[in-house]
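# Descriptive analysis of the structure
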Amino acid sequence: MSRFDLLRRRMVEEQLVSRGIKDMRVLSAMKKIPRHLFVEEALQDQAYRDHALPIGARQTISQPFMVAFMTEALALSGKEKVLEIGMGSGYQTAILAELAAEVISIERLPVLIEKARAILDQFHYENVRLQLADGSIGWEKESSFDAILVAAGAPEIPQALVDQLDIGGRLVIPVGGRSSQVLKKIVKEKYGTTETALTHCAFVPLIGASGWQSAKSETDASNHLH
Ligand code: SAH
């Protein structure tokens, strides 16, 4: 067993199982996917630690626990068509590809989608498609979806995403301010939706028509006032 395999097993036990992640399919996908391949070489030793890491373009690969927690919240059985918004490194995309029938993943930054594509190509998934687009309005032409996972923080729940869910479909999305949010789960019912607040979280902002209007951070904006 390689050093990385060992670190990954420990990550699953110490960060996921011990904090209550129970879905065996999620745990085995996270035991399988080599997370270190999704970060640059200089950061590979940190890839199994309990935090997010930079991936370039001021974006981050999410904390392993958050990836597991969001994925578990989608309650995937293997038959689902899933939309992922905010591909970033592509790590979460690989986890979803292991657990669902079909994954469409959207990213707005070309530099990240190209990096993610190069890594994901090595896995030869036949059920994954990557799209360069503004995912804040979803991906209407291939809706509806059984599950939608948003890995960037939105100011409010984009109605388009709710519209693109199938009946019984689940949406997991961080909602709140630019630097901290509440992770919400929305389930579409025949008449209306149910909404649950799952936990506090801190994602990079969702930038787009139904997200934040610009990539300028709050710090930039407040510096401007001085
Ligand atoms: N799950 C990813 C998280 C990446 S960070 C990972 O673990 O690697 C969130 C990503 O969302 C960033 O890459 C950012 O560029 C992207 N993003 C932000 N707004 C977006 C939008 N409107 N559409 C698609 N991607 C978006």
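Before going into details, it helps to say that this report is about the structure given with it. Quick caveat: nothing in here was measured; it's all calculated off a predicted structure. (Residues numbered from 1 in each chain as written. Predicted model: local features only at pLDDT ≥ 70, side-chain atom pairs only at ≥ 80, totals over all residues. Heavy atoms only, no water.)

Right, let's get into the site of the ligand. The immediate surroundings of the ligand are formed by 24 residues, with S89, E107, D134, G135 and I207 found nearest. A distance of 2.6 Å separates an oxygen atom of the ligand from a polar side-chain atom of S89. In isolation the ligand offers 580 Å² of accessible surface; the protein chains occlude 100% of this area. Those elements giving two or more residues to the shell around the ligand turn out to be β2 (59-61) and β4 (102-107). A total of 3 residues in the shell around the ligand trace back to one element, the largest contributor, which is β2. Here the shell around the ligand is built from residues that sort into 12 nonpolar, 9 polar and 3 charged. (Near = heavy atom within 4 Å. Polar contact = N/O pair within 3.5 Å; in protein donor to acceptor, adjacent residues only side chain to side chain. Areas by Shrake-Rupley, 256 points an atom, 1.4 Å probe, with all protein chains shown as cover. Helix = DSSP H or I, 4+ residues; strand = E, 2+ residues; numbered from the N terminus. Nonpolar A, V, L, I, M, F, W, Y, C, P; charged D, E, K, R; others polar.)

What follows covers unusual backbone geometry. Of note, the bond from S143 into S144 is cis; its omega dihedral lies within 30 degrees of zero at 10 degrees. As for its placement among the helices and strands, S144 is situated in the loop between β5 (128-132) and β6 (145-150). Of note in this structure, R58 is not a glycine but carries a positive phi near 60 degrees. Positionally, R58 belongs in the loop between β1 (53-56) and β2. For R58, a relative accessible area of 62% gives the class exposed. The backbone of A75 sits at a positive phi, close to 50 degrees, despite the residue not being glycine. One can find A75 in the loop between α3 (64-73) and β3 (81-85). (Buried < 20%, exposed > 50% of the residue type's maximum accessible area, 1.4 Å probe, protein only.)

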